[in-house]
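Given next are the chains, with one letter for each unit.
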Amino acid sequence: MKQLLYGVAYYDEYMPYERLDEDIAMMKAAGINLVRIAESTWSTHEPQNGVFDFSSVDRVLDAMHKAGISVIVGTPTYAVPTWMVKEHPDVLAETPHGPGRYGARQIMDIANPTYLFYAERIIRKLISRVSKHPAVIGYQVDNETKHYHTSGPNIQLRFVKYMREKFGTVEKLNQEFGLDYWSNRINSWEDFPSVVGTINGSLGAEFSRFQRQLVTEFLAWQAAIVNEYKQPGQFVTHNFDFEWRNYSFGLQPDVDHFEAAKAMDIAGVDIYHPSQHLLTGKEISYGGDSTRSLKNDNYFVLETQAQAFPNWTPYPGQLRLQAFSHLASGANMVEYWHWHSIHNSFETYWKGLLSHDLGSNPTYEEAKTIGRDFARLSPKLVNLKKKNKAAVLVSNEALTSMAWFKLPGGEIAYNDVMRLMYDRLYEMNIGCDILNPGSTELGQYDLIVVPPLYAASDELLDRLNAYVEGGGTIVYAFKSGFANEHIKVRTEVQPAKIGDVCGVQYSQFAEPSGVTLKDDPFGVGAENNTIDVWMELLTPTTAEVLAWYEHPQWGEYAAITENKYGQGTAYYVGCLPSAAIMGKLLERAVRKAGLWGKDQELSFPLIVKSGQNEAGKTVRYYFNYSGQPQTFLYPYGSGVELLSERNVAAGEAVQLERWGFVIIEED
Amino acid sequence: MKQLLYGVAYYDEYMPYERLDEDIAMMKAAGINLVRIAESTWSTHEPQNGVFDFSSVDRVLDAMHKAGISVIVGTPTYAVPTWMVKEHPDVLAETPHGPGRYGARQIMDIANPTYLFYAERIIRKLISRVSKHPAVIGYQVDNETKHYHTSGPNIQLRFVKYMREKFGTVEKLNQEFGLDYWSNRINSWEDFPSVVGTINGSLGAEFSRFQRQLVTEFLAWQAAIVNEYKQPGQFVTHNFDFEWRNYSFGLQPDVDHFEAAKAMDIAGVDIYHPSQHLLTGKEISYGGDSTRSLKNDNYFVLETQAQAFPNWTPYPGQLRLQAFSHLASGANMVEYWHWHSIHNSFETYWKGLLSHDLGSNPTYEEAKTIGRDFARLSPKLVNLKKKNKAAVLVSNEALTSMAWFKLPGGEIAYNDVMRLMYDRLYEMNIGCDILNPGSTELGQYDLIVVPPLYAASDELLDRLNAYVEGGGTIVYAFKSGFANEHIKVRTEVQPAKIGDVCGVQYSQFAEPSGVTLKDDPFGVGAENNTIDVWMELLTPTTAEVLAWYEHPQWGEYAAITENKYGQGTAYYVGCLPSAAIMGKLLERAVRKAGLWGKDQELSFPLIVKSGQNEAGKTVRYYFNYSGQPQTFLYPYGSGVELLSERNVAAGEAVQLERWGFVIIEED
Amino acid sequence: MKQLLYGVAYYDEYMPYERLDEDIAMMKAAGINLVRIAESTWSTHEPQNGVFDFSSVDRVLDAMHKAGISVIVGTPTYAVPTWMVKEHPDVLAETPHGPGRYGARQIMDIANPTYLFYAERIIRKLISRVSKHPAVIGYQVDNETKHYHTSGPNIQLRFVKYMREKFGTVEKLNQEFGLDYWSNRINSWEDFPSVVGTINGSLGAEFSRFQRQLVTEFLAWQAAIVNEYKQPGQFVTHNFDFEWRNYSFGLQPDVDHFEAAKAMDIAGVDIYHPSQHLLTGKEISYGGDSTRSLKNDNYFVLETQAQAFPNWTPYPGQLRLQAFSHLASGANMVEYWHWHSIHNSFETYWKGLLSHDLGSNPTYEEAKTIGRDFARLSPKLVNLKKKNKAAVLVSNEALTSMAWFKLPGGEIAYNDVMRLMYDRLYEMNIGCDILNPGSTELGQYDLIVVPPLYAASDELLDRLNAYVEGGGTIVYAFKSGFANEHIKVRTEVQPAKIGDVCGVQYSQFAEPSGVTLKDDPFGVGAENNTIDVWMELLTPTTAEVLAWYEHPQWGEYAAITENKYGQGTAYYVGCLPSAAIMGKLLERAVRKAGLWGKDQELSFPLIVKSGQNEAGKTVRYYFNYSGQPQTFLYPYGSGVELLSERNVAAGEAVQLERWGFVIIEED
């Protein structure tokens, strides 16, 4: 990227009256230099089978070009036209809940050849038409693609072939998946039952892995078509998204981001998060770290909220805080979904930069200041390079396996524990990368934090053991090592494979009820000295016990341990502790890993993010994620605060407004 | 009506043993002078296709006539016989949840021609047989008719034709409903997808309107058949019912009462309400006002509770209180569902006037006193005429639109806000009419209260604006004016169309969290000075601000305003306030409208209702809706307390027993 | 039985690697002398249609025999193989939720002839092969059989024939079931609608009874096949189970245990219960009493928990406490489900005696002590004979009827009230039998406790009346007598048929809200002096009132009464009282019945169970169901504490460890 991109999703097709010139004038006033178009409006561009009408695309491209605004063109394949479903009802995905119904988006079977035929045709028609237009800088293939739980007969057939390819014989499959249980054995491939009703977690999770592979294949297929038309300098991207809990919460269960991103030139992401008094920056940080790690490079925020929901209408200052937080994580683009609030249909209350009156409003006015600053500071802020010494290892396999074998109560899932760990690192200003099970460059990190790695191959656990032996510091959550990659519980004493490295073992576990840690070993106070949901009855072998359970019968068992192994150190957390305990433990691990530094003297709500800019200088962002003004002593060498163009001396006290921030480029 | 009717629904067919003579003797003892029969027992009257057996009808008519009890005959069409469904399974309505299952009532497709054929035949057979019987005074067509969510292919086909009729071209439809969104465009009528799965709120709401029209047509069709046989002096009625929240709560979403009532001679209604310590009279009042307004005339309470559920078993005195409350709202009939408690099937615990033992019980004994008083006081109480100066405007369109675009949290719906406003007027003894969007006689009211008028045509808003300009007082709830009648959000600054009249504008809104009104402007105390769910960030243009938000960031925005416009005054409530705040605001509006009078010096639980009787005298009911005795000073001219036949002087202190009441006819 | 059996369910087929020799060695070390095999692994034994492979059965039988461990062979029919469903999808039960899906167990239509054909073939193949093997001591037919809600067209057809057989004419059916209601009349058998959608409680409950009969027939059919091969000394049993509320809660709604047990030689049962700090022994006691009463003989605990769920991992001592509690109720076998924790599929967290590491663990170590004691004490503890003077009458009909006609709120069901009564008897150490409506030997009991007997025939009520008249003491819960066996509400004054015996009557009832009993008549303190959900407005005729309602309007009605009738006494409880009140009332009834004795001087958590052993001596178990040590004075004649072989003198103070127990054989 040559410059920061400040963008909006733009839907000329949705406008209640002719607005193009006025919209562009308002965009220019706000410093918008990018729009994304076309990804949602297949039925407008192909009103009937084989009849094409790209007039809205053409006119928007021309008008944007004239205004100096760049355009990303999306392939309009995530929402299918009425005529297609009427002609070919079977393009709708059959799911475990039955056949599909027309109406919503993302309801088709992404492996259906009829759908693929029409999708390919509209992609080729559209992309071939726009690729040489001077406004176009790149493409987004599809939109927030998932597998939509497609599981009809064609998918089942492909899955059986996939299984035969993978396992060779039914005997091997029966053994590895334990299919003798409840008479589930498959004694010939022809008998393979529909996986939709299975109660076998290994089989169900394998099907989920297969479905994620469908997504990877679909996106690669789209990217390959677009690549045929892509001009030099143009890029292909995709807007990956996260597990949705009314906002972007954690690892996406239905897509393998790392695999699917391979077909993209630049990684893109959609990040939505709580706002107002609940704005913390955590999702911006996690989403950014996650997406930056996909290709180990800068990334695009292809969608984030402008006004959005009534409970997200930003307080004064928050839109700015959010925009620069994205940059601080390595984003080169901040694009709002969307320009204008929609007047009909479904997402009417997911408001854009403009309200329904299409005039100015306080949020739009604040966007103007962002656009101005982005333009002015782009040379100093674009392409921020980050080099983190800490990482969090996330795993689709572990997540899926814990969805099959839930924690007691069923409310705490994999992503809750992942976020419990990630958020604590964020709060202590530890910059993180996000690793996946395939990551091989573990040695570059001083600290690796591992949420419950419930399903993992021997090879992965061996790699993690070697990392510790070689000097790394690792923090394992409970249940790590429990099962292999097929969710076959390991037959070794638990924690299997990593027991020697962690210096502990257990053969029993329980659901805690009112259990605490003996003598509050982390000094978090009675209200925080709690554990929940899970307790492994750990016996140390070589480990030092950091915390024992306080329990009338099980007080002799350990809860949290630390073990020296080879050159490194392994922490094992045998229960789900409170956030305060997890924070204290991770602080200990950070210190052990030698990562405790000046940034750690500050903590949430005062957030520090940094990196090197293109001039090779260190740029540091200091964010105030609170409604109260904050002051801190700037601990680094003298520099320039870029927003105010004011010099800042080492040791100087710096003020932050409520929801405010500064950017200091060290001299 | 010549006299008050005191009735019961009577099911000779359900009796466990021969009871007719004994039942009639007990009815006579209780002053019952009306029964409703036949509406539930099609399978008894037509045991096989084309085989008719009206013996239970005949014998009941003869016996009732002999006893001097009048009869309303219901058409038995709301519950279909087993043989019909066995022969023609497609008479069952296909709904969004799938094909129908036999068992319950109200499961058929009311547009199915097979059903209509059989329904017409049984109606003609039955009504032609009974119409000249001297016991018969009128007819009830069907029972609590709704559309039962019928949405099978035949309904879909009719809906598409309806849409083509309404919009002419797909282009116009696409534009008005915003169907470009998510590729939902319909580019030829043949492509029109099943509306069952739609996510487009405009389309979904239009389908609901179409379904309500099916109900109107069905009832008019039945009434037309019955009218062919109706004798002079006989009437056709229908028992409309309300949104059901385990009792009659508010506006019926699935029927347009105003339209459907046009085919009726007299409006009828079913009213069920909480009882015991939760008895307030609110549902009796709302249901009565609503039904009286349908034809601006006296009405029938065709069903209300005798003993009903275990939590409704009336306290001593409550059955009387309820019966006379119906009269005070303008009812000419109080009919219980039902005479006897049913011994099998489904509604066994919805008890009638008699318990399952079919003997006397305390509730039946109390009914005897009612029957006696009805008979004695009928000349003075029948045909009570009411002339209200206040009205509440309710709207099916607004209700449906807010079901599609829910308030945050999803728990507060249109009817909650409607009742929040109506109930406050009730508590301050303001008599109300209920208006619908088509009402043109606005000028006769001094005060119109408007629950969230989220979807409204230009014409309606213009009419309301003219009302204010002409001197009326109006109170608008938040979201009023937001969208047009197709739920297309208006592109003007909000509140659209009514902004000038209200003297406010806003472009943003939020979900309040712990927000109050600054300095408790209505003096309701800290625990009541709260708002919930919704806050529009209002800026006054010409309005006086009655309340500002107390909020760290949004304290400069107004919450509630008052504006002089033309000769009138408009209040705008930009949030959902507590009941106490709403009460205080409505009190202010009542005073502004000049409606504060003597009745307003009393308040709930002391309820006053009044009207003019046939002698042209004013009759006033004073009800004590509480378990504690009450005293009040009678503020009007001297009169006679009708129950005790005692003279009451102006200014005299009158005592009310717990759950008691008096009726004073002014001299 | 000649000896106590200490067993495990064993699945050689599920083992992740060859384990047989090691498993047997570990079993022997733990005193395991029984395994159950084969009931879950049809697909292993018949991998393809007609291809059989019993190698795992053969090798396990041989190895067990060699080790001196007995074997129960289960018929593997409760979980069907993949090939069968692929060939014959219609073997899956169609239920009210639609057609079945392959995956789980217990999904087939137990009346489907294809299923029955294959089931019979595998049963004959398996049983004929093993019956003469010296290791085999008996058979379990199927596993936790229920009807799985099978209700497809074939079931419907059989049900209609069943109804015609039962009622003869539609007229009689219509009358008895009140089918005129809502036009549900069936005027010819051909019109009989699918019962799946019915809203008629009589019809729905009759269908449930018919479904329970299918279970009885199915189990009898299996037993008859097995009996053809059964050798002298071998037995046929079945593991009945209970209403499941995450543990074995109460009466099984879907099986008539008494009827189904007739085909068994020995009654068997599965009992699972809360553990850790929630362990009370109540389910062990109820499940044992219930199963012992089926054939009035000793019984098998064919499944109970070893480690099971994380919240059930036993505290030290609890496994022992549980095992001997089963013996104290008359069990001759304690068998764990299961030997080893399963490594794949579904029940991975329902852990066995061994954890997934298949090594030792604290629970297994405790089992060793049990095995040792069982072997040593078997002659003194096996075949314990119990003779109880109190009984609880449970009724499938009453349970089903109250599922159709729920108590207000819908949360309290039949089994809640049954357990409210049973648990109080347990807590005061009253040994109970469990009676069913068909029980004719009522006279042997001094006290019969009757949970809400909502649906009961005249004959049953007459029998109970005669019991009281003859000198028995009875305690009726509310709603008893209300309806006949077809859930037709009785037309007599309530409580119908038993009103004279109870000396009360009522015609009204209500849902209490904050109601108490006047003047705390049972002295339970304010926090316990409460009633919930239901209050009948009782008027005594001849009864003494034990408690009046405290209520502003209904204070003149009685809540709980006692009545002398003939030689006996009847208590009637017209409301749902707190546990404390119910306990006090039952204490009064126990004293009235002359059953108050030495054991009643102790109470929960100190539980006494007793019986006579084969030597004719009285054996008494004293269990401490708490985490605190307990002491009690041994009140009987001198004896020997069997675990310690220590003499105990009359009046001696005996110590119980936390979760500990002693067994004293009186000299």
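Residues numbered from 1 in each chain as written. Chains lettered and ligands numbered in written order. Predicted model: local features only at pLDDT ≥ 70, side-chain atom pairs only at ≥ 80, totals over all residues. Heavy atoms only, no water.

**Here we look at the pattern of salt bridges**
Evaluation of the coordinates by the stated rule reveals 129 salt bridges over all chains. For the salt bridge of Arg-376 of chain A with Glu-645 of chain A, the shortest nitrogen-to-oxygen distance reads 3.2 Å. Separated by 269 residues along the polypeptide, Arg-376 of chain A in helix α12 (residues 362-381) and Glu-645 of chain A in the loop between β27 (639-641) and β28 (646-648) bring together distant segments of the chain. Given the relative accessible area of 36%, Arg-376 of chain A is considered partly exposed. Across the pair Glu-562 of chain B and Arg-588 of chain B runs a salt bridge whose closest N-O atoms are separated by 2.6 Å. You can see Glu-562 of chain B sitting in strand β21 (residues 558-565) and its partner Arg-588 of chain B sitting in helix α17 (residues 579-592), a full 26 residues away along the chain. On the basis of relative accessible area, Glu-562 of chain B is assigned to the buried category, the value being 9%. (Salt bridge = Lys/Arg side-chain N within 4 Å of Asp/Glu carboxyl O. Helix = DSSP H or I, 4+ residues; strand = E, 2+ residues; numbered from the N terminus. Buried < 20%, exposed > 50% of the residue type's maximum accessible area, 1.4 Å probe, protein only.)

**Considering the relation of the copies chain B and chain A**
Overlaying chain B on chain A yields an RMSD of 0.0 Å, the required transformation being a rotation through 120 degrees with an accompanying axial translation of 0.0 Å. This pairing of chains is accounted for by a three-fold axis. Scanning chain B for the C-alpha nearest the rotation axis identifies Gly-98 of chain B, at a separation of 6.6 Å. (Least-squares fit on C-alpha atoms with pLDDT ≥ 70 in both.)

**Things to note about the interface of chain C and chain B**
Interface size is commonly expressed as the accessible area that is lost once the parts come together. Chain C puts 53 residues into the contact, and the matching count from chain B is 51 residues. For the pairing of chain C and chain B, the buried interface totals around 4200 Å² over both sides, and the portion due to carbon and sulfur atoms is 51%. Summed over the three residues of chain C that lose the most area to chain B, namely Tyr-181, Trp-182 and Gln-553 of chain C, the buried surface amounts to 19% of that side. The tally of links between chain C and chain B comes to zero salt bridges. Where chain C meets chain B, there are 32 residue pairs in polar contact (both at pLDDT 80 or more). Going through the elements one at a time, α7 (170-177), α8 (201-227) and β16 (509-510) of chain C are the ones with two or more residues in the side of chain C that touches chain B. Ranked by residue count, the leading element in the side of chain C that touches chain B is α7 of chain C, at three residues. Taken together, the residues of the side of chain C that touches chain B sort by class into 23 nonpolar, 20 polar and 10 charged. (Contact = heavy atoms within 4.5 Å. Buried area = accessible area lost by both parts, 1.4 Å probe. Polar contact = N/O pair within 3.5 Å; in protein donor to acceptor, adjacent residues only side chain to side chain. Nonpolar A, V, L, I, M, F, W, Y, C, P; charged D, E, K, R; others polar.)

**Things to note about the UniProt feature "active site" (unreviewed entry) in chain A**
All names here are of chain A. According to UniProt, the "active site" (unreviewed entry) feature falls on Glu-144 and Glu-303. A stretch of 160 residues holds the annotated residues, and the largest C-alpha distance among them is 10.3 Å, short enough that they meet in one place. Its location among the elements puts Glu-144 in the loop between β4 (136-140) and α6 (153-167). Taking the relative accessible area as the measure of exposure, Glu-144 reaches 9% and is therefore buried. Glu-144 has contacts with Arg-105, Gln-106, His-238, Asn-239, Asp-241, Asp-270 and Glu-303, leaving out every residue within four places of it along the chain. Every residue in contact with Glu-303, bar those within four places of it in the chain, is listed here: Arg-36, Asn-143, Glu-144, Asn-239, Val-269, Asp-270, Ile-271, Tyr-272, Glu-335 and Trp-337. (UniProt positions renumbered as here; feature names shortened; annotations may be inferred.)

**Thoughts on unusual backbone geometry**
Here the bond from Phe-604 of chain A into Pro-605 of chain A is cis, since omega is 15 degrees, no more than 30 degrees from zero. Inspection of the secondary structure assignment puts Pro-605 of chain A in the loop between α17 (579-592) and β24 (606-612). With omega at 10 degrees, the peptide bond leading from Trp-337 of chain C into His-338 of chain C counts as cis. In this fold, His-338 of chain C is placed in the loop between β10 (331-337) and α12 (362-381). Positive phi, normally seen in glycine, also occurs at Ala-308 of chain A, with a value near 50 degrees.

**Some words on the confidence of the model for chain A**
Chain-level statistics for chain A give a pLDDT mean of 98 and a share of 100% at 70 or above. The ipTM for the predicted assembly is 0.96, set against a pTM of 0.97. (pLDDT = per-residue confidence, 0-100.)

**Points about the sheet that holds strand β2 (residues 34-37) of chain C**
Residue and element names in this part refer to chain C. Taken together, eight strands build a closed barrel; the order of strands is β1-β2-β3-β4-β5-β8-β9-β10 and the barrel is parallel. With strand direction ignored, the average angle separating the axes of adjacent strands in the sheet is 25 degrees. Pairing of strand β1 (residues 5-9) with β10, which is carried by four bridges, proceeds in the parallel orientation. If you follow Tyr-6 over to β10, its bridge partner there is Val-334. Helix α10 (residues 282-295) rests against β5 (235-240), β8 (266-271) and β9 (299-305) of the sheet, and its axis sits at about 160 degrees to β8. (Pairing = 2+ DSSP bridges. Axes fitted to C-alpha atoms, helices over the stretch in contact; angles between N-to-C directions.)

**So, the interface of chain B and chain A**
Across the boundary between the two partners, chain B contributes 53 residues, which contact 51 residues of chain A. Both sides of the chain B and chain A interface together cover about 4200 Å² of buried area, and 51% of this is carbon and sulfur. Ranking the residues of chain B by area buried against chain A places Tyr-181, Trp-182 and Gln-553 of chain B at the top, with a combined share of 19%. Our enumeration of links across chain B and chain A arrives at zero salt bridges. Along the contact surface separating chain B from chain A lie 32 residue pairs in polar contact (both at pLDDT 80 or more). Secondary structure elements with two or more residues in the side of chain B that touches chain A: α7 (170-177), α8 (201-227) and β16 (509-510) of chain B. Broken down by element, the side of chain B that touches chain A gets its largest block of residues, three residues, from α7 of chain B. Class assignment for the residues of the side of chain B that touches chain A results in 23 nonpolar, 20 polar and 10 charged.

**A closer look at the packing of aromatic side chains**
Tallied over the entire structure, the rule returns 162 aromatic pairs over all chains. Both rings, one in Tyr-11 of chain A and one in Tyr-14 of chain A, keep their centres 4.6 Å apart while their planes meet at 10 degrees; by these two values the pair is stacked. Residue class for Tyr-11 of chain A comes out buried when judged on its relative accessible area of 2%. For the pair Tyr-622 of chain C and Tyr-634 of chain C, a centre-to-centre distance of 6.3 Å together with 80 degrees between the ring planes defines the contact as edge-to-face. With Tyr-622 of chain C in strand β25 (residues 618-624) and Tyr-634 of chain C in the loop between β26 (630-633) and β27 (639-641), this pair connects stretches of sequence that are 12 residues apart. The pair Tyr-622 of chain C / Tyr-634 of chain C is uniform in exposure class, with both members buried. Through a chain of ring-to-ring contacts, the aromatic side chains of Tyr-11, Tyr-14, Trp-244, Tyr-272, Phe-309, Trp-312, Trp-337, Phe-346 and Trp-350 of chain A together with Tyr-181 and Trp-182 of chain B assemble into a single cluster. (Phe/Tyr/Trp six-rings, centres within 6.5 Å; stacked < 30°, edge-to-face > 60°.)

**Some words on the sheet that holds β24 of chain A**
The strands that make up a sheet pair up through hydrogen bonds in the backbone, lying either parallel or antiparallel. All names here are of chain A. Here five strands make up an open sheet; going across it, the order is β24-β25-β30-β27-β28 and the pairing antiparallel. Of all the strands in the sheet, just β24 and β28 have a single pairing partner and so form its edges. Within the sheet, the average angular offset between the axes of one strand and its neighbour, ignoring direction, is 25 degrees.

**Some details on the UniProt feature "domain: Beta-galactosidase trimerisation" (unreviewed entry) in chain A**
Under the UniProt annotation, the feature "domain: Beta-galactosidase trimerisation" (unreviewed entry) is placed at residues 390-595 of chain A. The annotated region residues 390-595 of chain A carries 26% helix and 27% strand content, and the separation between its end C-alpha atoms amounts to 8 Å.

**Overview of the packing of helix α11 (residues 318-328) of chain A against α12 of chain A**
Angle between the axes and distance between the axes are the two parameters that describe a pair of packed helices. Residues and elements named next belong to chain A. At a minimum axis separation of 9 Å, α11 and α12 run at an interaxial angle of 30 degrees. Taken as axis vectors, α11 and α12 run roughly parallel relative to one another. Taken as a pair, α11 and α12 cross one another with a handedness that is right-handed. Taken together, the residues of α12 that come into contact with α11 (itself represented by Gln-318, Leu-319, Arg-320, Ala-323, Phe-324 and Leu-327) are Thr-363, Glu-366, Ala-367, Thr-369, Ile-370, Asp-373, Phe-374 and Leu-381. In terms of residue class, the contact of α11 with α12 is made up of eight nonpolar, three polar and three charged. (Parallel < 35°, antiparallel > 145°, perpendicular 65-115°, else oblique. Left-handed = near helix turned anticlockwise from the far one by under 90°.)

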